[in-house]
Amino acid sequence: MASERASALPAARHRPGSARLWLLGLYPLFLIALLVLLVLRFGPLGVFEAAFPPVEDLTITRVRLTPGQFQVHVTNGGADPVTIAQVLVDEAYWEHTVTPGRTIPRLGSATITIPYPWVEGEAHEIVLVTATGLTFSHTVDVAALSPQPTRAFLVTFTLLGVYVGVLPVFLGVLWFPFLRALGRRWIHFFLALTAGLLVFLGVDALAEALEAAAALPTAYHGTALVAVGTLGTMMLLVAVGRLTARRGPRPLVVAYLIALGIGLHNLGEGLAIGAAFTLGEVALGAFLVIGFMLHNTTEGLGIVAPLARTPPGMGHLVLLGLVAGVPTILGVWLGGFTYSPVLAALFLALGAGAIFQVVYEIARLMASDAAEGLATALNAAGFVAGLVIMYVTGLLVAV
Amino acid sequence: MAEAPHTPHTTERAPARLSRRGFLASAAGLLGGTGLLALGARLPGAGRVPPAASAAAGGPHPYPPEAAPLGAPPGHTTAGHGLGTVGDVDVRRMGFDPSTYLTRFDWGRARPLGGGRALREFQLVAYDREIEIAPGVVFPAWTFNGTVPGPTLRAREGDRVRVKFINAGTHPHNIHFHGIHTARMDGVPGIGAGQLPPGQSTLYEFDAEPFGLHLYHCHALPLKRHIHKGLYGVFIIDPARGRPPARELVLVMNAFDTNFDGENEVYAVNTVAFHYMRHPIRVRRGELVRIYLVNFTEFDPINSFHIHANFFHVYRTGTRLRTDEFTDTIMLAQGERAILEVRFPYLGRYMFHAHVSEFTELGWMGFFEVTDDGV
């Protein structure tokens, strides 16, 4: 209707038409605001008023152990405020303080400090009793001192990040001279292999993101958060890719996008690593670290594969490796010192989105370069090989 | 048995399980175990004892734990002896004070019947009421006359007892008395008055026999819920010639399933967890103290009672005047009861609690305060 009127009056189209368009676009919002005000003022006319308060929904997001003390971080994901009345540790009522206060507003958080002689290496159960008598429990599976941001821990976490993220990526980058010596068909094979690796990583990141999202308070809508993070990143990077390379994908841009995607993925990975370290989820086995290094080395190969035909400078190679690898260190720090399932879910989702977008870019790169099309037997073999390599090396690190 | 207070809202460990990242463990193992990075020895947690574990040298235990007001400022601690609830129950708001319940006996409205007998008329009204069973923890109870336990009814052997029962609650209720009486007065579903729907009333009438320590409770179905929601009380029948004068105290061992998972989260004597830790029961040195001890704990088959540093005589069910046992710990099954007689020879604070450590730490513990004046 609006467009009909506008086209019928071409002279007046711009100014009154745009004001009218704004009005048409905004008046439903005004009505919604009015409705919200009415409901807030007069209530929902009793229709939705239940006889009993909604079921409370507290989530214990993190428990820190300091000498002779637990620090319990809790978030209220329910519809109404929740009051923490008492605290049980190992089936005994225990003294504690709650900051900022016992009543936690919707989506609010509180920290409960419990002086308690916890026993190193043993399990402890913490139960919060709310004013209505509901209980929310959390088990510290293996009690151990939580890392403090001390120099020793900083060094430990940094080295952990270097081992897991930076070194393997750079080892993978060392395949660059080998790739350069290959013919086009085999370069395409390795590009397809890279796509396979990345699809595996993307699926893995998505699964991990959804797993982390499941631990979030329900009000955060973890699954939706992951969807927004993944799809939003994909769209953002598609737009960025278009701006930087209007005439088809440029290999260096694709390489940087791959590095960025892997970097985000590694950041999320680092978060989980740091958190697991903090939780004392320690199952010994040095070969697993080696397995993990093998697993992540392929990430480096993926970064340099698009560059085989157009070699960049040494500086670019180093920078690419850093972009992909260094976020792991950052992730381990964050995860170790202040683990947050929200951050973990978000970064893993961003990583998944970035990786899927990169797969799309690789496909475009190959398509623009190949006369015979993408679907060659060699490319298919490369793609499957990428998946299989990830799967097999992944077996080494699955616990 | 009361294990951990489980809940449908049990949260998972914060980060989801690691798959690919489970390697971390291994990484820690590598770092710490092989000395690859020479950091293992410095990893926090390695062979360190939490200071509080050895903090017992910090002076006498400050029992009861200092009653901190709700929302106490951060940093409030009691030197690591932190067992107990935080805060105190507002007994006025609840309309029930465990300290006065101890010695409050309802003899009913008495009319002599001749021959030393009396007709005693009582009234019990069942209604719903929220009670505070631990500081800040509200329990939606079903009560007799607004309290849990209901009033302690008392009569003499051979008295005629007439109890008017009014159901002002929201569910069918009735009263089942322990004692010897006719089937019609037994207060069970389908016999006599049966279960009374809300708004109805009836009379229970019987002779008080045998003498001893008895109880009354709702016997509507489902039984477990009607009892653990709070519909119970103590019924004492004194022997015709009475018992020796003594300071008499009623102690009801009870417990509450606050999240309705079939296990108790709060244990107590006389309803409020740790109440007598904060408000010790005061007795005079050397006087005879008679404890009417009743076990109304639901869900757990047994409960027990233990006094520190003193021994007591046991009169099981109170139906004999001769002592059964001289001990400091007694176990009672659900619905069992015993009269305990004790004299405290020394001044000071003496703890009493269930000798089931779990119940103790979930609220069932208290103090006797022995003084020279007993007030």
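Predicted model only: the values in this text are computed from it and were never measured.

K.L.:
Talk me through helix H3 (residues 151-173) of chain A; I want residue IDs and the actual numbers.
P.N.:
Compared with an ideal rise of 1.5 Å per residue, which puts 23 residues at 33 Å, H3 of chain A spans 31 Å between its outermost C-alpha atoms and is within 8% of the ideal. Along H3 of chain A, the largest kink reaches about 45° and is centred on Val162 of chain A.

K.L.:
Requested: an account of the domain arrangement of chain A, with residues and values cited.
P.N.:
Residue and element names in this part refer to chain A. For chain A, the domain assignment lists domain 1 (2-42), domain 2 (58-140) and domain 3 (151-397). Put simply, the middle of domain 2 and the middle of domain 3, counted by C-alpha atoms, are 37 Å apart. Contacts between domain 2 and domain 3 engage six residues on the former and seven residues on the latter. Examining the composition of the side of domain 2 that touches domain 3, we find that three residues originate from one element, strand E1 (residues 58-66), more than from any other. The residue inventory of the side of domain 2 that touches domain 3, partitioned by class, reads one nonpolar, four polar and one charged.

K.L.:
Let's hear about the nonpolar core: which residues, and what values?
P.N.:
With 117 residues, the main nonpolar core has Ile133, Val266 and Tyr292 of chain B as its most contacted residues. If near-sequence neighbours (up to four positions away) are discounted, Tyr292 of chain B is found in contact with Leu213, Val234, Ile236, Glu248, Leu249, Val250, Leu251 and Ile339 of chain B. Counting residues in hydrophobic clusters, the runner-up holds 75 residues, among them Ala195, Leu197, Ala213 and Ala344 of chain A.

K.L.:
Account for the pairing of strand E20 (residues 348-353) of chain B, naming residues and giving values.
P.N.:
Residue and element names in this part refer to chain B. Bridge count for strand E15 (residues 302-307) against E20 is two bridges, and the pairing is antiparallel. The partner of His306 across the bridge, within E20, is His353. Pairing analysis gives six bridges linking E20 to strand E21 (residues 365-371), with the strands arranged antiparallel. Paired with Arg349 across the strands is Glu369, a residue of E21.

K.L.:
Summarise the sheet that holds strand E8 (residues 135-140) of chain A; cite the residues concerned and give the values.
P.N.:
Strands pair in a sheet through their backbones, by hydrogen bonds, and they do so in one of two ways: parallel or antiparallel. Residue and element names in this part refer to chain A. The antiparallel open sheet is built from four strands, whose spatial order is E5-E3-E7-E8. Lying at the two open borders of the sheet, with one neighbouring strand each, are strand E5 (103-104) and E8. Where strand E3 (residues 82-89) and E5 come together, two bridges link them in antiparallel fashion. Note on E5: the bridge partner recorded for Thr83 is Thr103.

K.L.:
Could you give me a rundown of the confidence of the model for chain B, with the residues and numbers involved?
P.N.:
Residues and elements named next belong to chain B. Here chain B shows a mean pLDDT of 82. Residues at 70 or above account for 78%. Here residues 1-80 is a poorly scored stretch, pLDDT under 50, and it has 193 contacts once near neighbours within four places are set aside; other chains count. Here the predicted complex carries an ipTM of 0.72, next to a pTM of 0.72.

K.L.:
Can you explain the packing of H3 of chain A against helix H9 (residues 314-338) of chain A? Please cite residues and give values.
P.N.:
Residue and element names in this part refer to chain A. Contact geometry of H3 with H9 gives a least axis separation of 8 Å together with a crossing angle of 150°. Put simply, H3 runs roughly antiparallel to H9. Crossing angle aside, the handedness with which H3 passes H9 is right-handed. Note on element contacts: H9 touches H3 through Leu317, Gly321, Ala324, Gly325, Val326, Thr328, Ile329, Val332, Trp333 and Gly336, opposite Phe153, Phe157, Thr158, Leu160, Gly161, Val162, Val164, Gly165, Val166, Val169, Phe170 and Val173.

Definitions and limits used
- Residues numbered from 1 in each chain as written.
- Chains lettered and ligands numbered in written order.
- Predicted model: local features only at pLDDT ≥ 70, side-chain atom pairs only at ≥ 80, totals over all residues.
- Helix = DSSP H or I, 4+ residues; strand = E, 2+ residues; numbered from the N terminus.
- Expected span 1.5 Å × (residues − 1).
- Bend = angle between axes of the 7 residues up to and from the residue.
- Domains from an automatic or database assignment.
- Contact = placed C-beta atoms within 7 Å.
- Nonpolar A, V, L, I, M, F, W, Y, C, P; charged D, E, K, R; others polar.
- Core = buried A, V, L, I, M, F, W, Y, C linked by C-beta atoms within 7 Å.
- Buried ≥ 20, exposed ≤ 12 C-beta atoms within 10 Å, placed from the backbone.
- Pairing = 2+ DSSP bridges.
- pLDDT = per-residue confidence, 0-100.
- Axes fitted to C-alpha atoms, helices over the stretch in contact; angles between N-to-C directions.
- Parallel < 35°, antiparallel > 145°, perpendicular 65-115°, else oblique.
- Left-handed = near helix turned anticlockwise from the far one by under 90°.

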